Amino acid sequence: MTTTLITGANKGLGLETARQLIAAGHTVYIGSRDTERGRRAAEQLGARAVQLDVTDETSVHAAAKTIEANGGLDVLVNNAAVEERSADNGVIGPAELTTDVMRKTFDTNVFGTVRVTNAFLPLLQRSATPVVVNVSSGLGSLTLFAPAPADIYPGVAYPASKAAINMITVQYAKALPNMRINAVDPGFTKTDLNGNTGTQTVEQGAEIIVQMAQVNSDGPTGRFFNAEGSLPW
Ligand code: NAP
């Protein structure tokens, strides 16, 4: 029996990943910062709910204690993220960027991933097949995104946070060779994160997350994938 925790799984790609992994036989914990939203999502899918705000040490450690007491963890999907927008819902470019926006974005997307991963490492290390999936983005690939025209996506904080996730993935994978730790790009998917402007369905977007959550112990680690295959950093 594989037990999986997905952060930010009360909606969007996290919720769909939970649905697909439950169908594949995983016992899934829906991590949600709002207890009631998490409870409703878990009830809908036949999952377990755990309150987990990735920006809050106390919440993260309480979630780790709960999951440990219920038998431990095999797979961690670091999915929770924010993309800060301006008051008129615009992407925040260099001229409008503030350190507050950078801090809020990094606190959830980057420090949240480190906070959650490190809190759950002792549990994952006890699993025979420990797996971590860091949900990144193609916007975090310097190779893919640096040559793109300036107006494609003028935001700074979100792609910078995903570039940081990519490096974190590389370094954790090198240091923890018994674990499979990969970054994935779901692709531009219709969710609240982008005001539902994405061109893919959540079913399509979740495909690579689900695939890398099920990677074997002899599978890849320290790599970056989308549904089509390997991506450059
Ligand atoms: P979404 O629908 O906005 O879902 C984001 C989830 O993260 C929500 O459950 C949200 O909870 C949660 N969250 C935010 N801050 C949190 C915190 N402090 N603690 C715990 N949970 C928190 O977005 P999505 O598109 O599904 O995004 C999922 C992942 O895919 C993200 O890592 C995103 O960067 C990545 N991604 C998305 C796309 C895309 O086109 N959609 C493309 C590439 C990568 P609340 O409901 O409480 O706000």
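Criteria and cut-off values
- Residues numbered from 1 in each chain as written.
- Predicted model: local features only at pLDDT ≥ 70, side-chain atom pairs only at ≥ 80, totals over all residues.
- Heavy atoms only, no water.
- Buried < 20%, exposed > 50% of the residue type's maximum accessible area, 1.4 Å probe, protein only.
- Helix = DSSP H or I, 4+ residues; strand = E, 2+ residues; numbered from the N terminus.
- Pairing = 2+ DSSP bridges.
- Right-handed = clockwise from strand over helix to strand, strands pointing away.
- 1 Å grid on protein atoms, 1.4 Å probe; cavity = no way out; pocket = protein on both sides within 12 Å on 5 of 7 lines; lining within 4 Å.
- Points joined across faces, edges and corners; volume = space filled by probe spheres on them.
- Nonpolar A, V, L, I, M, F, W, Y, C, P; charged D, E, K, R; others polar.
- Contact = heavy atoms within 4.5 Å.
- Axes fitted to C-alpha atoms, helices over the stretch in contact; angles between N-to-C directions.
- Phe/Tyr/Trp six-rings, centres within 6.5 Å; stacked < 30°, edge-to-face > 60°.
- Salt bridge = Lys/Arg side-chain N within 4 Å of Asp/Glu carboxyl O.

Caption draft 1: The arrangement of the pairing of strand β4 (residues 75-78) in detail. With burial as the criterion, each face of β4 is covered, one bearing V75 and V77 and the other bearing L76 and N78. With 4 bridges joining them, β4 and strand β5 (residues 131-135) adopt parallel strand pairing. In the sheet register, L76 faces β5, and the bridge partner there is V132. Note on the crossover from β4 through helix α4 (residues 99-125) to β5: the handedness is right-handed.

Caption draft 2: Inspection of empty space enclosed by the protein at higher detail. This structure, assessed with the given rule, holds 2 cavities of 30 Å³ or more. Of the pockets and cavities examined, the largest cavity occupies roughly 50 Å³. Taken together, E83, E84, V91, I92, Y153, G155, V156, A157 and Y158 make up the full set of residues lining the largest cavity. Partitioned by chemical class, the residues of the lining of the largest cavity number 6 nonpolar, 1 polar and 2 charged. Its boundaries defined by the atoms lining it, the second largest cavity holds a volume of some 40 Å³. Lining the second largest cavity, in full, are T7, V54, N78, N79, A80, T108, G112, T113 and V116. Of the residues assigned to the lining of the second largest cavity, the class counts are 3 nonpolar, 6 polar and no charged.

Caption draft 3: A look at the sheet that holds strand β2 (residues 27-32). Reading across the sheet, the 8 strands line up as β3-β2-β1-β4-β5-β6-β7-β8 and stay open at both edges, with mixed pairing between neighbours. Sheet topology places β3 (48-51) and β8 (229-230) at the edges, where each strand pairs with a single neighbour. Alignment of strand β1 (residues 3-6) against β4, held across 3 bridges, turns out to be parallel. Each residue of the ladder has a partner; that of T4, found in β4, is V75. Sitting on the sheet, helix α6 (residues 157-175) touches β5, β6 (180-184) and β7 (224-226), and the angle it makes with β6 is about 165 degrees.

Caption draft 4: Up close: the packing of aromatic side chains. For the structure on display, the rule yields 3 aromatic pairs. Here the aromatic rings of F106 and F111 are separated by 6.3 Å at their centres, their planes lie at 65 degrees, and the arrangement is edge-to-face. Measuring from centroid to centroid gives 5.4 Å for F224 and W233, while their planes differ by 10 degrees, and the two rings are stacked. Taking the relative accessible area as the measure of exposure, W233 reaches 32% and is therefore partly exposed.

Caption draft 5: Structural view of the pairing of β2. The buried fraction of β2 is high, at 6 of 6 residues. A two-sided burial pattern is seen for β2, the buried positions comprising T27, Y29 and G31 on one face and V28, I30 and S32 on the other. When β1 meets β2, the two strands line up parallel, connected through 4 bridges. Residue I6 lies in a different strand from β2, and its bridge partner there is I30. Following the chain from β1 across helix α1 (residues 12-23) to the adjacent parallel β2, one finds a crossover that is right-handed. Strand direction decides the pairing type here: β2 and β3, joined by 4 bridges, are parallel. Paired with S32 across the strands is Q51, a residue of β3. Between the parallel pair β2 and β3, the chain is carried across by helix α2 (residues 35-45), and the sense of this crossover is right-handed.

Caption draft 6: Just the pattern of salt bridges, in detail. Within the structure shown, the criterion is met by 12 salt bridges. Among the ionic pairs, R19 bridges to E16, the shortest N-O distance being 2.7 Å. One end of the pair is R19 and the other is E16, both in helix α1 and 3 residues apart, which spans about a single turn. Accessibility expressed as a relative area gives 39% for R19, which makes it partly exposed. Using a relative accessible area of 6% as the deciding quantity, one classes E16 as buried. Each of the salt bridges in this network shares a partner with another, and the network as a whole consists of E36, R39, R40 and E43.

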